[in-house]
Amino acid sequence: PTPPLLYKSHALVPFVSPAFFGRLWCVSELATFCRSHEADLSHTLLLFSLEWPSSLNPFKQQKLTAREREWFTNFSCRQAQCYKPADRAMLMQHIRSQWGSEEAFDAFVRTKLVTVMETSKANYQRQLRITAGQSFELAFGD
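Numbering of residues begins from 1 in every chain and follows the order in which that chain's sequence is written. This being a predicted model, a pLDDT of at least 70 is required before a residue's local features are given, and a value of 80 or more before pairs of side-chain atoms are given or counted; all residues contribute to the totals for chains, interfaces and linings. Only hydrogens and water are set aside when side-chain values are computed; all heavy atoms of the structure are taken into account.

Right, let's get into a nonpolar patch on the surface. Any residue with relative accessible area above 30% and no salt bridge may belong to a patch, with like charges joined within 9 Å and the nonpolar Val, Leu, Ile, Met, Phe, Trp and Tyr side chains within 5 Å. Here the Shrake-Rupley method, with its probe set to 1.4 Å, supplies the accessible areas, and only the displayed protein chains count as covering residues. Salt bridges are defined by distance alone: a side-chain nitrogen of Lys or Arg within 4 Å of a carboxyl oxygen of Asp or Glu. A contiguous nonpolar surface patch, about 400 Å² in accessible area, is contributed by Val13, Phe15, Leu46 and Leu50. Turning to its location among the elements, Leu46 is positioned in the loop between α4 (41-44) and α5 (66-73). Secondary structure follows DSSP: runs of H or I at least 4 residues long count as helices, runs of E at least 2 residues long count as strands, and numbering of each begins at the N terminus.

In C-alpha cells form, the structure reads like this:
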C-alpha cells in the first residue's frame, strides 16, 4: 500500500496539522517513513506547520503551542479517516505489520514524534532569525 519511493527516500518534510493526522493515507506514509528511519529521525524528518510565522515575523514562540502539542498527545491512528473501507483495512493492517500494533505507533507519535516536532520548530525559528539578520545586513550594511 505504500509507494516504494517512500522506502528509498532519505528525508521527509510533511506539513502537519489536524487535517494531516486525520487522513489515514498521510498517517500510513508517516508510519512507514518513521519505522524505516527510526534510528535517525532527527536528521531525516522535519515536521512543519503552515501556521508557523513567515520570515517577516521571526520572533514568534519557539516552543510548541498547546494546540500543536494536542495534535500529538491526542493522536490515535484509529481516528484517521479513509474514504474507502477497503483502503482503510489495508492501511491499518500495514501500520500494524510495521509497528506490531496500532497502540505501538500511537505511543511513538505521542512521545517521540512530538519531540521531532519541537526540534523542527526550534530549527525553523533559528533559521528565520539567521535569515532576517543576514537580510538586515545586506540592506543596511555593517
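Turning next to the packing of helix α3 (residues 24-36) against helix α6 (residues 85-99). Interhelical geometry of α3 versus α6 gives an angle of 20° and a closest axis separation of 10 Å. Viewed along their axes, α3 and α6 adopt a mutual orientation that is roughly parallel. For α3 against α6, the interelement crossing comes out left-handed. Each of Leu24, Trp25, Val27, Ser28, Ala31, Thr32, Cys34 and Arg35 in α3 lies in contact with α6, whose residues at this interface are Asp87, Arg88, Met90, Leu91, Met92, His94, Ile95, Gln98 and Trp99. Each residue is assigned to one class: nonpolar for Ala, Val, Leu, Ile, Met, Phe, Trp, Tyr, Cys and Pro, charged for Asp, Glu, Lys and Arg, and polar for all the others, Gly among them. Per-class residue counts for the contact of α3 with α6 are 10 nonpolar, four polar and three charged. Axis definition: a line fitted to C-alpha atoms, over the contacting stretch in the case of helices. Angles run 0 to 180 degrees between N-to-C directions. Angle categories: roughly parallel below 35 degrees, roughly antiparallel above 145, roughly perpendicular from 65 to 115, and oblique for all the rest. Handedness of a crossing is defined here by the sense of rotation of the near helix relative to the far one, left-handed for an anticlockwise turn of less than a right angle and right-handed for a clockwise turn. Contacts are assigned to residue pairs with any non-hydrogen atoms lying within 4.5 Å of each other.

On to the side chain of Gln98. Position of Gln98 relative to the elements: it lies in helix α6. Only protein chains enter the calculation, and the probe is 1.4 Å; a residue is then buried if its accessible area is under 20% of its type maximum, exposed if over 50%, and partly exposed in between. With a relative accessible area of 16%, Gln98 lands in the buried category. At 3.2 Å, the side chain of Gln98 and the side chain of Thr32 are in polar contact. Pairs of N or O atoms within 3.5 Å make up the polar contacts considered here, provided that, within protein, one atom can donate a hydrogen while the other can accept it, and that residues adjacent in sequence are counted only when both atoms are side-chain atoms.

Turning next to α6. The α-helix winds at 3.6 residues per turn, so residues separated by three or four positions along the chain end up facing the same way. Its 15 residues place the ends of α6 21 Å apart at the C-alpha level, agreeing with the 21 Å of an ideal helix rising 1.5 Å per residue. Trailing α6 by a residue or two, Gly100 shows a phi angle of about 90°, which is positive. A helix is expected to span 1.5 Å multiplied by its residue count minus one.

Next up on the list: the packing of aromatic side chains. Stacked, edge-to-face and tilted are the three classes for Phe, Tyr and Trp ring pairs, Trp counted by its six-membered ring, which pair at centre distances within 6.5 Å; planes under 30 degrees apart are stacked, over 60 edge-to-face, the rest tilted. Summed over the entire model, instances satisfying the criterion amount to eight aromatic pairs. Here the aromatic rings of Phe21 and Phe72 are separated by 5.3 Å at their centres, their planes lie at 70°, and the arrangement is edge-to-face. Of the two residues, Phe21 sits in helix α2 (residues 18-21) while Phe72 sits in helix α5, which places them 51 residues apart along the sequence. The pair Phe21 / Phe72 is uniform in exposure class, with both members buried. Ring centres of Phe75 and Phe105 lie 5.7 Å apart, and the angle between their planes is 85°; on these two criteria the pair is classed as edge-to-face. Of this pair, Phe75 sits in the loop between α5 and α6 while Phe105 is found in helix α7 (residues 102-140), placing the two residues 30 residues apart along the sequence. Accessibility expressed as a relative area gives 0% for Phe105, which makes it buried. Clustering of aromatic rings is evident, with ring pairs tying together Phe20, Phe21, Phe72, Phe75, Trp99, Phe105 and Phe108. We call a charge positioned above a ring when the Lys NZ or Arg CZ atom is no farther than 6 Å from the ring centre and deviates by at most 35 degrees from the ring normal. Residue placement shows Arg35 over the ring face of Trp99; its charged tip is 3.8 Å from the ring centre.

A few words on the nonpolar core. We define the nonpolar core as a collection of buried residues of types Ala, Val, Leu, Ile, Met, Phe, Trp, Tyr and Cys that are connected through side-chain atoms lying within 4.5 Å of one another. Leu45, Phe72, Phe105 and Leu113 are the most contacted members of the largest nonpolar core, which has 32 residues in total. Elements with a minimum of two residues in this core: α2, α3, α5, α6 and α7. By residue number, the principal contributor to this core is α7, which donates seven residues. Residues contacting Leu113, with those up to four places away along its chain left out, are Leu30, Cys34, Leu45, Leu47, Phe72 and Phe108.

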